[in-house]
Structures are given as C-alpha cells and as structure tokens.
Amino acid sequence: SSSSFYERYHSLEDIYYWINRTAHDFPNTVKVILIGSSYEKRPLYVLKLSMNDNPNKKAMWLDCGIHAREWVSPAFCLWFVHYSLSFHQQNVDITNILDNMDVYILPVMNPDGYKYTWTTNRMWRKNRSISKSSGCFGADLNRNFDANWCTEGASSNPCSEIYCGAFPESEPESQAVANFLRSHKDSIQLYLTIHSYSQMLLFPYSYTLEESDNHNDLLEMAQEAAQKIRRYYRNIYRYGAGAKTIYLAPGGSDDWAYNLGIKYSFTFELQDRGRYGFLLPPSQISSACNEALLATKVIALKVLEKT
Ligand SMILES: NCCCCC[C@@H](C[SeH])C(=O)O
Ligand SMILES: [Zn+2]
Ligand SMILES: [Zn+2]
C-alpha cells in the first residue's frame, strides 16, 4: 500500500521520479519549480503546494536533505507532501494551514551529497564541491549562509565536516536557496529546515548567545510543539535557541532566513537521540515523521494566529 512507500528511504532517482509524478498527478495543486542546480549539476526542485488562488495568501518554506547522511529528513518532506495531499479537507489543522498558506518544499537540498551516501559513504554530511588547494571535498551547507559566516562553530579548513566554504553562498545549493528566499521574502512567513538526529526544536540564534528580538514568541511556539509531542507520542524533544541548546553554529540557513526578515524560523532535529543516530531504521520513519508533522502543524497554526 502507498503508506509503505512513505515508510521507506528512497534513492535520489526515486525521489526525482516521485517529484515529477506527484506534480503530474496533482496538476491543480502541485507545481515544480527549478530553483538552481547542485555542484554536480543535479536539479534543485522545489514543490509548490497551493490549494487555492486566494490573492493575499502567505507562504511557508520547508527544506530537507541539507545534510546528506540525515536520511529521515527527505523522508519527512515526502511524508509532509503526501499527508497534505491526502488529508487536506479531512484534517482540520492541515486544511486550515493549506487554505491560508502556500507551501514551498525542497525535498533534497544537497542531492550530490545524498547520492554519495547511497553509493560511497553513508556518513557523508557536506555537499560535493572540491577545494583544489586541499584536495578535500565538500562544504557544510549549514555553515555557508551569510550570517556571522565562519566565526566560532565553523571551520575554514576544507577538510573539516563544518567547513564554511570559500565565502558566504559560495556553494550553488545554498546560493539557490538564498536567492529563492530573497525573492519571496515578502510572502514567506515561516522557515523550517529539517535535520537529524537528537530530537530538538531549535530557533535563532545559533551564531551567538544573544537572544533574537522575538525570542519569547519562538520559545513559546517550540515549547508548545515539544509539549504536544510529549503528550501525544510520549517522546521527548528539547527546545530553545540553537547556540544554547545544541552548540554555536554560524552561517546557518535558519539564522540567515531570520535576519532576512522571516521572523518564524526553526531547525528541527528529528529522531533519534543516538541509539541509531543517522542510521534510523525505516521502521521508525513513521513515528519520526508524525512527531515532525505535529510540530510543523503547531508552529504553522501559531504563525497564522500571529500574522
Ligand atoms: N543553524 C544551526 C542550527 C543548530 C545546528 C543544527 C545542526 C544540524 Se546537523 C548543524 O547544522 O550542525
Ligand atoms: Zn544536519
Ligand atoms: Zn543534526
């Protein structure tokens, strides 16, 4: 049954097929937008979910697969699209969200890295650009954005797992996302970026211990989401500003989107807390994605209340 499709990890080719098949099957609500290409010239496809053409609708952004080895992340983007298309008009929460917000979904932000984890090195994190001087590959796309770029919590060593790149947006993948968000910043009110693992709901800032101006709003939203996950799924998610809750991490997509003006910006770290880590078994995809879906609903509904 189709539910088993969404409870498995899929190769990059399968995901590209799924993207085009979904747009073909739902021509009135799903559009494919090519926002750029990866270092190895693979397409960066964004799916736009739009349930109606209300003129002054706002939007939210959801990206997955920025880090190659975090396979449950793309699994959630597919899960979210399937759930939205299957339960719009049935589930009151997703109906409320989709009636009032378009959703831009980037299922695999780092296709070269994702492919590499399927063919060569399951634990690869970065993209696959090459630094001629060092002969090492890849920049950490979540350190490559123009937000306190390459300060403490990133490395200027191209062989490091947290290499910040040659300069901000030096990588085609982060440049494509930044360009799209810049050109849609007036309509996009919520930015979500999906990672694994450690079960955390994080918000700006990660590049400094300073609090963001709407820190209390963001804290309340993350807290409510974590409390709902605890109540409905009996699972524990920590929450808070990134620098304090996980570690200092400059050049992140969430901090950059926040400073661009997208004042509701979150990084989700999905299951688990280390037992399997990045190698989360497919049998846990549904629980991980249901938890992420609940957090997404709570936060998106609160954004609609507040704006
Ligand atoms: N923008 C930084 C949010 C906090 C760190 C998130 C993790 C996900 Se693997 C990281 O990029 O190291
Ligand atoms: Zn990550
Ligand atoms: Zn992580």
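On a predicted model such as this, the values are computed, not experimentally measured, just so you know.

1. Some points on the environment of Ala-59
Move 1: When you line up the elements, Ala-59 lands in strand β3 (residues 58-63).
Move 2: Ala-59 sits in the buried class, given a relative accessible area of 2%.
Move 3: Between the alpha carbons of Ala-59 and Leu-201 there is a distance of 20 Å; along the sequence they are 142 residues apart.
Move 4: Excluding anything up to four places from it in sequence, Ala-59 contacts Met-101, Asp-102, Tyr-104, Ser-187, Ile-188, Gln-189 and Leu-190.

2. Structural notes on the site of ligand 1
Move 1: The full set close to ligand 1 counts 15 residues, and Arg-125, Asn-142, Arg-143, Tyr-247 and Asp-254 are the nearest of them.
Move 2: Within the side chain of Asp-254, a nitrogen or oxygen atom sits 2.6 Å from a nitrogen atom of ligand 1.
Move 3: Coverage of ligand 1 by the protein chains reaches 98% of its 370 Å² of free accessible surface.

3. Examining the layout of surface pockets
Move 1: Counted as a void, the largest pocket has a volume near 210 Å³.
Move 2: Along its surface, the largest pocket is lined by 18 residues, and Asn-142, Arg-143, Tyr-247, Ala-249 and Thr-267 are the ones closest to its centre.
Move 3: If you list the elements that add at least two residues to the lining of the largest pocket, you get β5 (188-196) and β8 (264-270).
Move 4: Looking at the lining of the largest pocket residue by residue, the classes come out as five nonpolar, seven polar and six charged.
Move 5: For the second largest pocket, the calculated volume is near 170 Å³.

4. As for the packing of aromatic side chains
Move 1: One pass over the full model with this rule turns up 16 aromatic pairs.
Move 2: With a centroid separation of 4.8 Å and 75° between ring planes, the pair formed by Phe-5 and Tyr-6 is classed as edge-to-face.
Move 3: Ring geometry for Phe-203 and Phe-266: centres 6.2 Å apart, planes at 75°, overall edge-to-face. Of this pair, Phe-203 sits in strand β6 (residues 200-203) while Phe-266 sits in strand β8; the two residues are 63 residues apart in sequence, bridging distant segments of the chain. Just as Phe-203 is buried, Phe-266 falls in that class too.
Move 4: Put simply, the rings of Tyr-9, Trp-71, Tyr-114 and Trp-118 pair up and form one aromatic cluster.
Move 5: Geometry around Trp-124 places Arg-128 over its ring, the cationic atom sitting 4.7 Å from the centre.
Move 6: When the ring centre of Phe-137 is taken as reference, the NZ or CZ atom of Arg-128 above it lies at 4.3 Å.

Rules of the game
- Residues numbered from 1 in each chain as written.
- Chains lettered and ligands numbered in written order.
- Predicted model: local features only at pLDDT ≥ 70, side-chain atom pairs only at ≥ 80, totals over all residues.
- Heavy atoms only, no water.
- Helix = DSSP H or I, 4+ residues; strand = E, 2+ residues; numbered from the N terminus.
- Buried < 20%, exposed > 50% of the residue type's maximum accessible area, 1.4 Å probe, protein only.
- Contact = heavy atoms within 4.5 Å.
- Near = heavy atom within 4 Å.
- Polar contact = N/O pair within 3.5 Å; in protein donor to acceptor, adjacent residues only side chain to side chain.
- Areas by Shrake-Rupley, 256 points an atom, 1.4 Å probe, with all protein chains shown as cover.
- 1 Å grid on protein atoms, 1.4 Å probe; cavity = no way out; pocket = protein on both sides within 12 Å on 5 of 7 lines; lining within 4 Å.
- Points joined across faces, edges and corners; volume = space filled by probe spheres on them.
- Nonpolar A, V, L, I, M, F, W, Y, C, P; charged D, E, K, R; others polar.
- Phe/Tyr/Trp six-rings, centres within 6.5 Å; stacked < 30°, edge-to-face > 60°.
- Lys NZ or Arg CZ within 6 Å of the ring centre and 35° of its normal.

That is the geometry; function is a separate question.
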